[in-house]
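Single-letter residue listing:
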Amino acid sequence: MIEDVAQGAVIVVPPADDIAIGVVDRQYEDLVRGVNQRWVAAPERVVVATSAEDVRRTVRDAVREGKRITVRSGGHCFEDFVYNSETQVVVDLTELDEVYYDRRHRAVAVEAGATILRMYETMYKKWGVTVPAGFCPTVGIGGYVSGGGWGTLGRQFGLIVDHLYGVEVVTVDDRGKVRIVVATREEHDPNRDLWWAHTGGGGGSFGVVTRYLFRTPGAEGDDPRALLPHPPREVILAAVGWSWASIDRAEFGRLARNYAQWHLDNFAPDNPNRDIAAFMGLNHRSAGQIGLIAQIDADQPDAEERLTEFFRFMNEGINVEPEALTASVGDLGALPQFFFQRRLPWLQATRFFGMSNVQVTDPTFRAEYKSTFMVGNFPDDQLDALHAHLTRDDINNPNVTVQLTPYGGEISAVDPADTAAVHRGAAFKMLYSAYWTDPADDDRYVGWARDIYGEVYAATGGAPVPNDVTDGCYVNYADIDLNAPEFNRSGVPWHDLYHKENYPRLQQIKKNYDPLDVFRHGQSVRLPAV
């Protein structure tokens, strides 16, 4: 039997249902790679788990054998932290994917292998509720939540971790004993720190998450229909593009600054425009357009007028009229049918957004990413560098882009110390991304990402250090270059760019729950120095 240490309950251990896949098995090649085909491993075995006890046994065996463990939830890790040359045992959580109401904790439970789309559909169809998560449908909940969990409804409802009540984690103590721990946000919970670490501390540092428990703070009762936010019944969507052929350097800068200024002006949690979520794609010139997509809660007052005003603000100072969006915008496909505002039921719109992402269904997909949190508007040197690298003639790839995505609103209502997700002052964030399919192009596009990032932040040593313009990086957009002094010359280490002042507390939690450093990767939380 095993002990649920947070609740003091003893439960019967069920028989093992996991499946161990080895090199000789026909499905092996499908289970040793993630979405990004740059990362492929050759582990001794992949264990497909279907319960927390399966995970506990797998971790126990690996620890006894001295094997290096990594964990897959959805396979979207931006670096090789799951699939690398040191990987010996992969714990595959993709079949641990149920979404259900947990009566004991009066919370909606989401197992770590569930995808964002599965979670959305189950929560909404059964109970009419949701959590503010992202739009990529195949992202797994396991790593996504532990990294802070930004999403389309974030300005309206906060980060997903702002609704996280508890987390179930398989941990290993200093004697190598493996146990299942349930940690909650309750003040009296002796494992509360483990809950806190999973509200933005990143995946792969403290144990293997097997499920999350969601209940909004202050929600009472045992009816799941009243425990989480109700998304809009309908949303209004609109999308436009500006032709690169007609945009000069000054107008490029004005578009970027308009986006930044709107989010700075509408930052506060009580701002009436917190229900607007806008995504801008500063695409490479070869895409043909710079794109802008926006969504508003159609249930709120003056929704159509406020969305119209947003697009008017975005076009101020631009001498080019916007047109139908025929180019992709990063993870979102072309949306010419939304040149005029259109209403859609919330779940239909959310599913449509996610399914427009062709990259997640392409088995040849390769990518490189970098990120920035923004707390101020763009200075001239950053805009010069952005424009120079987005108009380079040696790049001819419409899937090279810098995406600007919204923060602020309810995200800013939470104190940075209350969760491990520390970047509560950001008005928006940036994702530098390049997608390609030919391995021969790896150096070209990795080089492009390093070039643009290094030059945009040249004044601060090649990294977006916390200051009055930038505020570090998003841990879910892992970037191993931040560890390297040839790229990050800022003097601010990678862990402070991700975690800022919360890092020492994360280190202490690491010491308490993973003192043997069983769960580690290139940017896992490090044990505190002796």
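Placed above this text is the structure.
Residues numbered from 1 in each chain as written. Predicted model: local features only at pLDDT ≥ 70, side-chain atom pairs only at ≥ 80, totals over all residues. Heavy atoms only, no water.

A word on the overall build of the protein chain
Right, on to step 1. Within the protein chain, the secondary structure is distributed over 12 helices and 18 strands.
Right, on to step 2. The C-alpha radius of gyration computed for the protein chain amounts to 22 Å, which stays within 12% of the reference 24 Å derived for 530 residues, consistent with globular compactness.
Right, on to step 3. Dimensions along the principal axes, computed over C-alpha positions, put the protein chain at roughly 70 × 50 × 45 Å.
Right, on to step 4. Scored against the burial criterion, the 530 residues of the protein chain give a buried share of 62%. (Helix = DSSP H or I, 4+ residues; strand = E, 2+ residues; numbered from the N terminus. Rg over C-alpha atoms; globule rule 2.2 N^0.38 Å. Buried < 20%, exposed > 50% of the residue type's maximum accessible area, 1.4 Å probe, protein only.)

Considering the side chain of D102
Right, on to step 1. Looking at the element boundaries, D102 is found in strand β7 (residues 99–102).
Right, on to step 2. Reaching out from D102, the side chain makes a polar contact with the side chain of R211 at a distance of 2.6 Å.
Right, on to step 3. In contact with D102, not counting residues within four places along its chain, are A107, A109, R211 and L213. (Polar contact = N/O pair within 3.5 Å; in protein donor to acceptor, adjacent residues only side chain to side chain. Contact = heavy atoms within 4.5 Å.)

Here's the deal with the side chain of N191
Right, on to step 1. Position of N191 among the secondary structure elements: in the loop between β10 (178–184) and α5 (192–197).
Right, on to step 2. A polar side-chain atom of N191 sits 2.7 Å from a polar atom in the side chain of Y513.

Details of the pattern of salt bridges
Right, on to step 1. Enumeration over the complete set of coordinates arrives at 37 salt bridges.
Right, on to step 2. Among the ionic pairs, R33 bridges to E29, the shortest N-O distance being 3.0 Å.
Right, on to step 3. Its relative accessible area of 46% is what places E29 among the partly exposed residues.
Right, on to step 4. Put simply, K370 and D479 hold a salt bridge, and the shortest N to O gap is 3.0 Å. Here the residue K370 occupies a position in strand β16 (residues 366–374), and D479 occupies one in the loop between α10 (442–456) and α11 (494–499), the gap between them amounting to 109 residues. D479 matches K370 in its accessibility class, with the two residues each being buried.
Right, on to step 5. What emerges from the salt-bridge pattern is a single network uniting R38, E368, K370, R450, D479 and D481. (Salt bridge = Lys/Arg side-chain N within 4 Å of Asp/Glu carboxyl O.)

Focus: the packing of aromatic side chains
Right, on to step 1. Tallied over the full model, the rule gives 28 aromatic pairs.
Right, on to step 2. Ring geometry for F135 versus W150: centroids 6.3 Å apart, planes at 75 degrees, classification edge-to-face. Taken together, the residues span a long stretch of sequence, with F135 in the loop between α2 (116–127) and α3 (141–146) and W150 in the loop between α3 and α4 (154–157) at a distance of 15 residues. Here F135 matches W150 in class, with each residue buried.
Right, on to step 3. With 6.3 Å between their ring centres and 70 degrees between their planes, W494 and Y503 make a pair best called edge-to-face.
Right, on to step 4. Put simply, the rings of F78, F365, Y369, F373, Y407, Y435, Y474 and Y477 touch in pairs and so form one group of aromatic residues.
Right, on to step 5. If you follow R342 out to its NZ or CZ, it ends over the ring of F338, 5.7 Å from the centre.
Right, on to step 6. The side chain of K370 reaches across the aromatic face of Y453, ending 5.4 Å from its centre. (Phe/Tyr/Trp six-rings, centres within 6.5 Å; stacked < 30°, edge-to-face > 60°. Lys NZ or Arg CZ within 6 Å of the ring centre and 35° of its normal.)

Here's the deal with the pairing of strand β12 (residues 234–243)
Right, on to step 1. The element β12 is largely enclosed, with a buried count of 9 among its 10 residues.
Right, on to step 2. As judged from the 9 bridges shared by β12 and strand β14 (residues 289–297), these two strands associate in the antiparallel manner. By the bridge assignment, S243 is partnered in β14 with Q289. (Pairing = 2+ DSSP bridges.)

Things to note about the packing of α2 against helix α8 (residues 346–355)
Right, on to step 1. Where α2 meets α8, the closest approach of the two axes is 11 Å, and the angle between their N-to-C directions is 175 degrees. When the axes of α2 and α8 are compared, the pair comes out roughly antiparallel. Of α8, the residues touching α2 (which contributes L117, Y120, E121, Y124 and K125) are W346, L347, T350, R351 and M355. (Axes fitted to C-alpha atoms, helices over the stretch in contact; angles between N-to-C directions. Parallel < 35°, antiparallel > 145°, perpendicular 65-115°, else oblique.)

Nothing here speaks to function; it is all geometry.
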